[in-house]
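Letter by letter, the chains look like this.
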Amino acid sequence: MQIADALYHELLQNLATSDGTERKRWAMQIAESDVDMTTLAPLLFADKKTAYRFSWLLSDIGEADAGKLFDVLSYAFEQRNKTEIPGFEQQFAKYWRIGGVPEEDKGMAIDMMFGWLVDTKVGVHIKSVSLEVLYDLTKEYPELKNELKLCLEDQLDKNTDSFKKKAKGILKKL
C-alpha cells in the first residue's frame, strides 16, 4: 500500500504538468507493480488539469497492461458523470477498445456507443472507436449485428471518408 500512496501523491503533484513521456513511464510503473488501480481513482476528482491528464494516463496504463485498466473500468464508469473532466464519458470508447467492456456495464455501453454513432456532435474518432468496440461485441451478442448494420448503412454518407471506409469494412464482416 505504501507504493500506491507514494505513487498517488507523485501523480497528484506532477500529472497537471506532465507530458506523454512521463505518463508512459508512470503507466509502465503501474503495469509492472501490484498497485490497486482503485487507490489511484480519486485522481479523477483532483483539480481539472490533473484529472484530465489522469484520464489520458488510464489509456496509457491500458496500453501497457489491459488488465490493470479493466480492473478500474467499472468504478470509473460509475463515476463518469461526477468528474469535471471534459468529454470523460466519451473516453470510455477508447478504454473499452483497449481493456474490454466489463460485464456489468455492457448494456449501458452498447446504448451509449450506438448513440455516439448517430450523434452529429460526436467526433469521428469516437464514432470509429465505438464502431470497433460494437463490432467486437457482436461476436458475443450476435443479435447486435443487424442493429449495427442498419446504423452503419444510415451513417455512411453522414461522416468523413475515413469513417465511411471503416464502416464499409465492418459491414463486409457483418
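Residues numbered from 1 in each chain as written. Predicted model: local features only at pLDDT ≥ 70, side-chain atom pairs only at ≥ 80, totals over all residues. Heavy atoms only, no water.

A.B. asks: Help me understand the environment of Glu153, please; the structure alone is not making it clear to me.
C.D. replies: Along the chain, Glu153 falls in helix H8 (residues 144-155). Judged by relative accessible area, Glu153 falls into the partly exposed class, the value being 41%. Each C-alpha atom of the pair Glu153 and Tyr8 lies 46 Å from the other, and the pair is 145 residues apart in sequence. (Helix = DSSP H or I, 4+ residues; strand = E, 2+ residues; numbered from the N terminus. Buried < 20%, exposed > 50% of the residue type's maximum accessible area, 1.4 Å probe, protein only.)

A.B. asks: Mind showing me how you'd approach the packing of helix H3 (residues 48-64) against helix H5 (residues 88-99) here?
C.D. replies: The geometry of a pair of packed helices is captured by two quantities: the angle between their axes and the separation between those axes. At a closest axis distance of 10 Å, the pairing of H3 and H5 adopts a crossing angle of 5 degrees. Accordingly, the angle class assigned to the pair H3 and H5 is roughly parallel. Counted together, Ser55, Trp56, Leu58, Ser59, Gly62 and Glu63 of H3 and Phe88, Gln91, Lys94, Tyr95 and Ile98 of H5 form the full contact between these two elements. Among the residues forming the contact of H3 with H5, the class breakdown is 5 nonpolar, 4 polar and 2 charged. (Axes fitted to C-alpha atoms, helices over the stretch in contact; angles between N-to-C directions. Parallel < 35°, antiparallel > 145°, perpendicular 65-115°, else oblique. Contact = heavy atoms within 4.5 Å. Nonpolar A, V, L, I, M, F, W, Y, C, P; charged D, E, K, R; others polar.)

A.B. asks: How do you make sense of the pattern of salt bridges when you look at a structure like this?
C.D. replies: Pairs can form between side chains of opposite charge once their charged atoms are near each other. The full count for this structure, using the stated rule, is 10 salt bridges. In this structure, Arg97 engages Glu132 in a salt bridge whose closest nitrogen and oxygen atoms are separated by 3.8 Å. Within this pair, whereas Arg97 is found in helix H5, its partner Glu132 is found in helix H7 (residues 124-140), the two being separated by 35 residues in sequence. Residue class for Arg97 comes out partly exposed when judged on its relative accessible area of 34%. Judged by its relative accessible area of 24%, Glu132 is partly exposed. The residue Lys166 makes a salt bridge to Glu132 at a minimum N-O spacing of 2.3 Å. Pair noted here: Lys166 is in helix H9 (residues 161-173) and Glu132 is in helix H7, with a separation of 34 residues, a long-range link. A relative accessible area of 29% means that Lys166 is categorised as partly exposed. Linked through salt bridges whose partners overlap, the residues forming this network are Arg97, Glu132 and Lys166. (Salt bridge = Lys/Arg side-chain N within 4 Å of Asp/Glu carboxyl O.)

A.B. asks: How should I be thinking about helix H2 (residues 20-31) in this particular structure?
C.D. replies: Look at H2: 16 Å from first C-alpha to last across 12 residues, which is about the 16 Å you get at 1.5 Å a residue. Taken as a whole, H2 has its buried residues at Arg23, Trp26, Ala27, Ile30 and Ala31. Around the axis of H2, the buried residues are gathered within 135 degrees of arc, so they sit on the same side. Where H2 begins, the capping side chain belongs to Asp19, and its oxygen is found 3.1 Å from the backbone nitrogen of Thr21. (Expected span 1.5 Å × (residues − 1). Arc of directions from axis to C-beta. Polar contact = N/O pair within 3.5 Å; in protein donor to acceptor, adjacent residues only side chain to side chain.)

A.B. asks: I tried to follow the nonpolar core on my own but got confused; where do I start?
C.D. replies: Note on soluble globular proteins: their nonpolar side chains tend to be buried together. Within the largest apolar cluster, 56 residues are counted, with the highest numbers of intra-cluster contacts made by Leu40, Leu57, Trp96 and Leu148. When neighbours within four sequence positions are excluded, Leu148 is seen to be in contact with Phe114, Leu117, Leu131, Leu134, Tyr135, Thr138, Ile170 and Leu174. (Core = buried A, V, L, I, M, F, W, Y, C linked by side-chain atoms within 4.5 Å.)

A.B. asks: Looking at this model, I keep getting lost on the environment of Gly87. Mind explaining?
C.D. replies: Looking at where Gly87 falls in the secondary structure, it is placed in the loop between helix H4 (66-79) and H5. Judged by its relative accessible area of 48%, Gly87 is partly exposed. Remark: the alpha-carbon pair of Gly87 and Tyr52, spanning 35 residues in sequence, is separated by 9.4 Å.

A.B. asks: Just checking my understanding: could you explain the packing of helix H6 (residues 106-118) against H8 for this structure?
C.D. replies: The interhelical angle for the contact between H6 and H8, taken along N-to-C directions, is 20 degrees, at an axis separation of 10 Å. Put simply, H6 runs roughly parallel to H8. Seen along the crossing, H6 lies across H8 with a hand that is left-handed. Residues Ile110, Phe114, Leu117 and Val118 of H6 form the contact with H8, whose participating residues are Leu144, Glu147, Leu148, Cys151 and Gln155. Class assignment for the residues of the contact of H6 with H8 results in 7 nonpolar, 1 polar and 1 charged. (Left-handed = near helix turned anticlockwise from the far one by under 90°.)

From the geometry alone we can't say anything about function, so treat these as descriptive.
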